[in-house]
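Report on the structure
Listed here are the chains, written in short residue letters.
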Amino acid sequence: MTTAEAGPAAPEDPAWRALPLDNLTLTRKEGFAAFAEAGEPPTPPILTMADLKALDPQMLDHYNDDRRRFLASLRPIKTMQARELSADLTDIFDAGVHQPSWQAKGMAAIDAFPGLGKTTVGLSFAKKVHNTLISKHGRFTEAGHERWPVIRVGMMGDTRVKDFNWAMLEFFAHAGRNSGSANSFLSRALDCAVSCQSRLLLVDDLQFLQFRSRRGTELANQFKTIANEFPLMILFIGHDLEGKGLYDDPQLARRITPLGLQAFSIEHEAGREQWRRFLLSLEQRLVLANKFPGMLADDLSDQLYARCSGHIGSLMSLIRLGCLRAMRTGQERLTEDVLAQVKLDWAAQQQLAGWEASLASGKATSKPDKGRRRR
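What comes next is a walk through the structure.

Basis of the calculations
- Residues numbered from 1 in each chain as written.
- Predicted model: local features only at pLDDT ≥ 70, side-chain atom pairs only at ≥ 80, totals over all residues.
- Heavy atoms only, no water.
- Helix = DSSP H or I, 4+ residues; strand = E, 2+ residues; numbered from the N terminus.
- Buried < 20%, exposed > 50% of the residue type's maximum accessible area, 1.4 Å probe, protein only.
- Contact = heavy atoms within 4.5 Å.
- Areas by Shrake-Rupley, 256 points an atom, 1.4 Å probe, with all protein chains shown as cover.
- Disulfide = S-S within 2.5 Å.
- Core = buried A, V, L, I, M, F, W, Y, C linked by side-chain atoms within 4.5 Å.
- Pairing = 2+ DSSP bridges.
- Right-handed = clockwise from strand over helix to strand, strands pointing away.
- Salt bridge = Lys/Arg side-chain N within 4 Å of Asp/Glu carboxyl O.
- Expected span 1.5 Å × (residues − 1).
- Axes fitted to C-alpha atoms, helices over the stretch in contact; angles between N-to-C directions.
- Parallel < 35°, antiparallel > 145°, perpendicular 65-115°, else oblique.
- Left-handed = near helix turned anticlockwise from the far one by under 90°.

Moving on, we come to the overall build of the protein. From N to C terminus, the protein includes 16 helices and 5 strands. Referenced to the eigenvectors of the C-alpha coordinate spread, the extents of the protein come out at roughly 65 × 50 × 35 Å. Across the 375 residues that make up the protein, the buried fraction comes to 46%. Across the protein, contacts joining residues at least 24 apart in sequence account for 73% of those joining residues at least 6 apart. As displayed, the protein has an accessible area near 18300 Å², and 52% of this comes from carbon and sulfur atoms.

What follows is the structure, given as structure tokens:
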């Protein structure tokens, strides 16, 4: 691939940084780099109620803007399951990165219900791959091409082989993506991956594909070709991939390592301990004037579990919206009343009554034994 095709400048010429880049979407390289290389937003200082009242309206507005920005980018603390999943992905990646070019590279699939953080973990792993390889080898290859360790493609319901190959070219902003056949797109994408030393292909929303259809079968064959020819690991992310037929193909069934994530469980003591540790860590990160140790883990543990049914996506949404309401109303803390006013997603709402009844009757509890004794 020539420099003109991929768009990189020479290593000694930093002018490429001044070019107008698309940093708004993960489906293009500049957007993915902006995501991967963005630092954590600074945590605003935690002011007292007296400090808040002493701020003039303009300063208070700026402070609340900082808190809203921080909340919008608040990431969940990695659970034990997420850490174990990241370790599995790292092992699969490391096992394949030094394989001879003629050997098929590893494939993995994160399969979990929506709202459990599978995409968050997958993107976190991809971010680590991007930053590690850039830090170790530099932004440019020895041949002078930009180094792009990760390619990210999002699936759609009507994706065909040609569409998928085009999406890889679109990620690189390759000039040849505007016309050509499926095979020519694939050849150009291979040139990009080799020249830019890509090592991970992240394929998100794979549940949109029906692998038992003709189009799905063609894409399954395409994935095998990419695993054979491209110098990278493929990471699929989706839900009910077995039900969609991903593993019907014997070769894919032998090559793809299935990985998963589960919701927080309070059926056993270890799960309740994990839930409590997560809430304690989360409450430390909240920027509210009236917060206190145990606000989430002691006072609100059962209510939080009932409202999110152990799904981290629903929990984080509930916490963000609850904090915004607490700031807007001046309460500056999370309470049962504040959280009760926050609207839930549909799936969480369907399970709310059942969990509330179980927790209220004592048939279930989200608190470990020592947590109950603490009360």
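On to the state of the cysteines. Following the criterion strictly, the structure yields 0 disulfides and no others. C196 provides the cysteine sulfur closest to C192, a residue in no disulfide bond, and the two sulfurs are 5.8 Å apart. As a non-bridged cysteine, C308 has C323 as the owner of its nearest cysteine sulfur, 14 Å distant.

This paragraph deals with the nonpolar core. Counting 64 residues, the largest nonpolar core has F164, M168, L201, L206 and L235 as its most contacted members. The next biggest cluster of nonpolar side chains, apart from the first, holds 41 residues, and it includes L74, M327, V338 and A348.

Burial analysis of strand β3 (residues 200–204) places 5 of its 5 residues in the buried class, which makes it a mostly covered element. Pairing of strand β2 (residues 150–154) with β3, which is carried by 5 bridges, proceeds in the parallel orientation. Among the inter-strand pairings, V153 is bridged to a residue of β3, identified as V203. As defined by bridge partners, β3 adjoins strand β4 (residues 233–238) across 4 bridges and the pair is classed as parallel. By the bridge assignment for β4, V203 is matched with F236. You can see the chain leave β3, run along helix α9 (residues 214–229) and come back into β4, and the turn it takes is right-handed.

Quick look at the pattern of salt bridges now. Should their charged atoms come close, side chains of opposite charge can pair. What the rule picks out here adds up to 16 salt bridges. In this structure, the salt-bridge partner of E170 is R28, at a minimum N-O distance of 2.6 Å. Pair noted here: E170 is in helix α7 (residues 161–172) and R28 is in the loop between α1 (3–6) and α2 (29–37), with a separation of 142 residues, a long-range link. Classification of R28 as partly exposed rests on a relative accessible area of 32%. As a salt-bridge pair, D248 and R212 come within 2.7 Å of each other at their nearest N and O atoms. Of this pair, D248 sits in the loop between β4 and α10 (250–255) while R212 sits in the loop between β3 and α9, placing them 36 residues apart in sequence. The exposure class of R212 is exposed, given its relative accessible area of 54%. Via salt bridges that share partners, R28, E170 and R177 belong to a single interconnected network.

Attention now moves to helix α6 (residues 118–137). Taking 1.5 Å per residue as the helical rise, α6 with its 20 residues ought to reach 28 Å, and the 28 Å between its terminal C-alpha atoms agrees with that figure. Looking at the buried residues of α6, the elements they touch are α2, α5 (80–97), β1 (107–111), β2, β3 and β4. Just past α6, the residue G138 takes up positive phi, approximately 95 degrees.

A word on the sheet that holds β3. With parallel pairing, the 5 strands of this open sheet are ordered in space as β2-β3-β4-β1-β5. With one partner strand each, in any of the chains shown, β2 and β5 (256–260) form the two edges of the open sheet. Each neighbouring strand pair of the sheet contributes to a mean axis angle of 20 degrees, computed without reference to strand direction. One ladder, built from 5 bridges, connects β1 with β4; its direction is parallel. Across the sheet, residue M107 finds its bridge partner in β4, namely I234. The sheet contacts of α7 involve β2 and β3, and relative to β2 the element is tilted by about 130 degrees.

When you line up the elements, V194 lands in helix α8 (residues 182–195). For the pair V194 and E40, spaced 154 residues apart in the sequence, the C-alpha separation amounts to 31 Å.

For the rest of this paragraph, the subject is the packing of α5 against α6. α6 packs onto α5 with a crossing angle of 45 degrees between their chain directions and a minimal axis gap of 10 Å. When the axis of α5 is compared with that of α6, the two are oblique. In this structure, α5 crosses over α6, and the sense of that crossing is right-handed. The segment α5 lies against α6, with A82, L85, S86, L89, T90 and F93 engaging V121, F125, K128, V129 and L133.

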